[in-house]
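Understanding the architecture of this molecule
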Amino acid sequence: MSWINFHLVPLVMPLSGLRILVVEDEALIALDTERLLIEAGAQSVTVCSRAHFDEVTREQRFDAMLVDTGPDRSTLEADLERAQSIGARIAFTTADTELVAGLAGFEGIQFIAKPYDMRHITALISGLGGG
């Protein structure tokens, strides 16, 4: 009888070790995003609503943030400043397909259209330099 030796190669998860904040008011989207990030190996995923964004970012530190932005886009600048103040990379999620192409004055800022899947999320986080 011959034996076959298998060498196990450690699985590298695309988001391994990252602490990620998801700011999303829609509960089902927030839970699904949390699941996707955990499956991709994120060290921790914190989910909060827009109303708790400032409080959560005062209490915890994150490597990256996925922040939902509404159609009025009124919080973009404040959200960017908040991310910079704690040293986190930020990307925006949106149902506004025009916003995905970017905005003047926000060059280099990543936007992702909803609905998204794991491929979109991992590419987005990797594009932020964290994976």
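Summarised in this report is the structure supplied together with it. (Residues numbered from 1 in each chain as written. Predicted model: local features only at pLDDT ≥ 70, side-chain atom pairs only at ≥ 80, totals over all residues. Heavy atoms only, no water.)

This part covers the overall build of the protein chain. When its secondary structure is counted, the protein chain shows four helices and five strands. Listed by position from the N terminus, the elements making up the protein chain come as β-α-β-α-β-α-β-β-α. Buried residues in the protein chain amount to 39% of all 131 residues. Total accessible area on the protein chain stands at roughly 7800 Å², and carbon and sulfur atoms take up 54% of it. (Helix = DSSP H or I, 4+ residues; strand = E, 2+ residues; numbered from the N terminus. Buried < 20%, exposed > 50% of the residue type's maximum accessible area, 1.4 Å probe, protein only. Areas by Shrake-Rupley, 256 points an atom, 1.4 Å probe, with all protein chains shown as cover.)

Our next topic: the pairing of strand β1 (residues 19–23). β1 sits mainly inside the fold: four of its five residues count as buried. Direction of pairing for β1 relative to strand β2 (residues 44–48): parallel, over a ladder of five bridges. In the strand pairing of β2, R19 is matched with S44. Here β1 runs beside strand β3 (residues 64–68); their pairing, made up of four bridges, is parallel. When the sheet's bridge partners are listed, I20 is paired in β3 with A64. (Pairing = 2+ DSSP bridges.)

It is worth spelling out helix α3 (residues 76–86) at this point. Along α3, the positions that sit buried rather than exposed are L76, D79, L80, A83 and I86. Angular distribution of buried residues about the axis of α3 spans 140°; they occupy a single face of the element. Set apart from the buried face of α3 by more than 90 degrees, the exposed residues are E77, E81, Q84 and S85. The inward-facing, buried residues of α3 contact α2 (53–59), β3, β4 (89–94) and β5 (110–113). In the stretch just after α3, G87 is the one whose phi turns positive, near 75°. (Arc of directions from axis to C-beta. Contact = heavy atoms within 4.5 Å.)

This part is about the pattern of salt bridges. Tallying each qualifying case throughout the model produces seven salt bridges. One salt bridge connects D79 with R50, and the closest N-O pair in it is separated by 2.8 Å. Of this pair, D79 sits in helix α3 while R50 sits in the loop between β2 and α2, and the two are 29 residues apart along the sequence. Given a relative accessible area of 2%, D79 falls into the buried group. (Salt bridge = Lys/Arg side-chain N within 4 Å of Asp/Glu carboxyl O.)

The sheet built from five strands is open, its strands ordered β2-β1-β3-β4-β5 with parallel pairing. Every interior strand has two partners, whereas the edge strands, β2 and β5, have only one. Between one strand axis and the next, the sheet turns through 20° on average, direction left out of account. As defined by bridge partners, β3 adjoins β4 across five bridges and the pair is classed as parallel. Considered in β4, the bridge of A64 is made with R89. Sheet strands touched by helix α1 (residues 27–39): β1, β2 and β3. Its angle to β2, the strand with the most contacts, is close to 170°. The strands touched by α3 are β3, β4 and β5; relative to β4, the strand with the most contacts, the crossing angle is about 150°. (Axes fitted to C-alpha atoms, helices over the stretch in contact; angles between N-to-C directions.)

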